[in-house]
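Coordinate analysis (summary)
Spelled out, the chains give:
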Amino acid sequence: MASTRVTTQPTTEFITLVQAKNYLRLDQTADDDYVGDIIKRARHQCELMTGYALYTQTLLSVVETDPYQFGPFSGIHSTQLRITLPYAPVQSIAHLFYESDSNVWTEQVDLTVFNIDYDDLPCSIILGTGQRLDAKMTPEGVFRFKVAYVAGFTAVEGAPPNIIQAMYMYLNVYYSNRDNAAEEATACNLLMQERIWQ
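Remember, predicted model here, so these are calculated numbers, not experimental data.

The rules we used
- Residues numbered from 1 in each chain as written.
- Predicted model: local features only at pLDDT ≥ 70, side-chain atom pairs only at ≥ 80, totals over all residues.
- Heavy atoms only, no water.
- Pairing = 2+ DSSP bridges.
- Helix = DSSP H or I, 4+ residues; strand = E, 2+ residues; numbered from the N terminus.
- Axes fitted to C-alpha atoms, helices over the stretch in contact; angles between N-to-C directions.
- 1 Å grid on protein atoms, 1.4 Å probe; cavity = no way out; pocket = protein on both sides within 12 Å on 5 of 7 lines; lining within 4 Å.
- Points joined across faces, edges and corners; volume = space filled by probe spheres on them.
- Expected span 1.5 Å × (residues − 1).
- Buried < 20%, exposed > 50% of the residue type's maximum accessible area, 1.4 Å probe, protein only.
- Parallel < 35°, antiparallel > 145°, perpendicular 65-115°, else oblique.
- Contact = heavy atoms within 4.5 Å.
- Nonpolar A, V, L, I, M, F, W, Y, C, P; charged D, E, K, R; others polar.
- Polar contact = N/O pair within 3.5 Å; in protein donor to acceptor, adjacent residues only side chain to side chain.

1. Details of the sheet that holds strand β1 (residues 2-8)
The pairing of strands in a sheet happens through backbone hydrogen bonds and is either parallel or antiparallel. As summarised here, the arrangement of the five strands in space is β1-β2-β10-β5-β6, forming an open sheet in which the pairing is antiparallel. One side of each edge strand has no neighbouring strand; the edge strands of this open sheet are β1 and β6 (104-107). When strand polarity is set aside, the average angle formed by the axes of neighbouring strands in this sheet is 25°. As paired strands, strand β5 (residues 90-101) and strand β10 (residues 143-151) are joined by seven bridges and run antiparallel to one another. Each residue of the ladder has a partner; that of Ser92, found in β10, is Val150.

2. Section: the layout of surface pockets
Empty pockets left among the atoms are what a rolling probe the size of a water molecule brings to light. The space that makes up the largest pocket amounts to roughly 200 Å³. Lining the largest pocket are 13 residues, and of these Val6, His44, Glu47, Gln57 and Tyr87 lie nearest its centre. Listed by contribution, the elements that provide at least two residues to the lining of the largest pocket are β1, α2 (32-50) and β2 (57-65). By residue number, the principal contributor to the lining of the largest pocket is α2, which donates five residues.

3. Looking at helix α3 (residues 161-176)
Taking 1.5 Å of rise per residue, 16 residues should cover 22 Å, and α3 covers 23 Å from first to last C-alpha, within 8% of that figure. Most of α3 sits out of view: 12 of its 16 residues are buried. Of the positions making up α3, those classed as buried are Asn162, Ile163, Ile164, Ala166, Met167, Tyr168, Met169, Tyr170, Leu171, Asn172, Val173 and Tyr174.

4. Here's the deal with the packing of helix α1 (residues 17-24) against α2
Where α1 meets α2, the axes come as close as 10 Å, and the angle between the chain directions of the two elements is 100°. One finds that α1 runs roughly perpendicular with respect to α2. Of the residues in α2, those touching α1 at Leu17, Ala20, Lys21 and Leu24 are Asp32, Val35, Gly36, Ile38 and Ile39. For the contact of α1 with α2, the residue count by class is six nonpolar, one polar and two charged.

5. Here we look at the pairing of β2
For a regular strand, the rule is simple: side chains alternate between the two faces of the sheet. Burial analysis of β2 places seven of its nine residues in the buried class, the great majority of the element. Pairing geometry for β1 and β2, over six bridges, is antiparallel. In the sheet register, Thr4 faces β2, and the bridge partner there is Ser61. As paired elements, β2 and β10 share nine bridges and run antiparallel to each other. Across the sheet, the residue bridging to Ser61 is Val147, located in β10.

6. With respect to the environment of Thr56
You can see Thr56 is positioned in the loop between α2 and β2. Judged by relative accessible area, which is 29%, Thr56 ranks as partly exposed. Spatially, the C-alpha atoms of Thr56 and Phe153 are 5.8 Å apart, while their sequence positions differ by 97 residues. Once residues within four sequence positions are removed from consideration, Thr56 is found in contact with Pro10, Gln91, Val150, Ala151, Gly152, Phe153 and Thr154. Reaching out from Thr56, the side chain makes a polar contact with the side chain of Gln91 at a distance of 2.9 Å.

This is how it looks when you write it as C-alpha cells:
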C-alpha cells in the first residue's frame, strides 16, 4: 500500500491552453481560467488511473512493504527488500527514510546501498547484496518507507499516445459539464491499457 502527495507541482502541462481551446472549439477568452483548471484535472485523473506522472514533479510516497517477504524480525537484510514506487517514470530519488520505531523516521543517507532500477515500470528500489537496514516492523505488521523522488516525462513525445488522447477526452467531458458516459468510458479504457500494474 502507498500514499503519495505532490510536493512540487509540474511547471507546465502536456496540453497547452491554446491546444485545449482548439480541441474544444473555443474562440472566446472568458473561460480561459476554467479551461486551465480542467487541463490540470484531466492530467491528474490520467495520473491516478495509470500510475504515470505526466510531467516532471516531485512526489513523496509512503510505501508499506509486505512483511511476509522479510520474516517476523526487526531489521531487513539484502535480497529481502524491494520498495516499489507508485508513480513512473522515476528520474531520481532525493531521500529515503525508513521507520526505525513507531512514528520515528530515519533517513538512509547513503543511497548507494540500494540498486535502483529507473527503467523498471514501476521503479524498484532493492537493498544491495550484503546490506542491512534497521527498520522495525510497525504495530500494524508492516515495514514502512518514505521516499521523496522526481518523476514524470520531460517531453510530451515520451508519454503513451493513449494517455494524451484520454486527457483530451476528459477535457471535453469536464468542459461540457454533462455526464457523457460513453466518452468517459472510452477515456477510461485507453488509460487502463497504459496502467502500470504493481
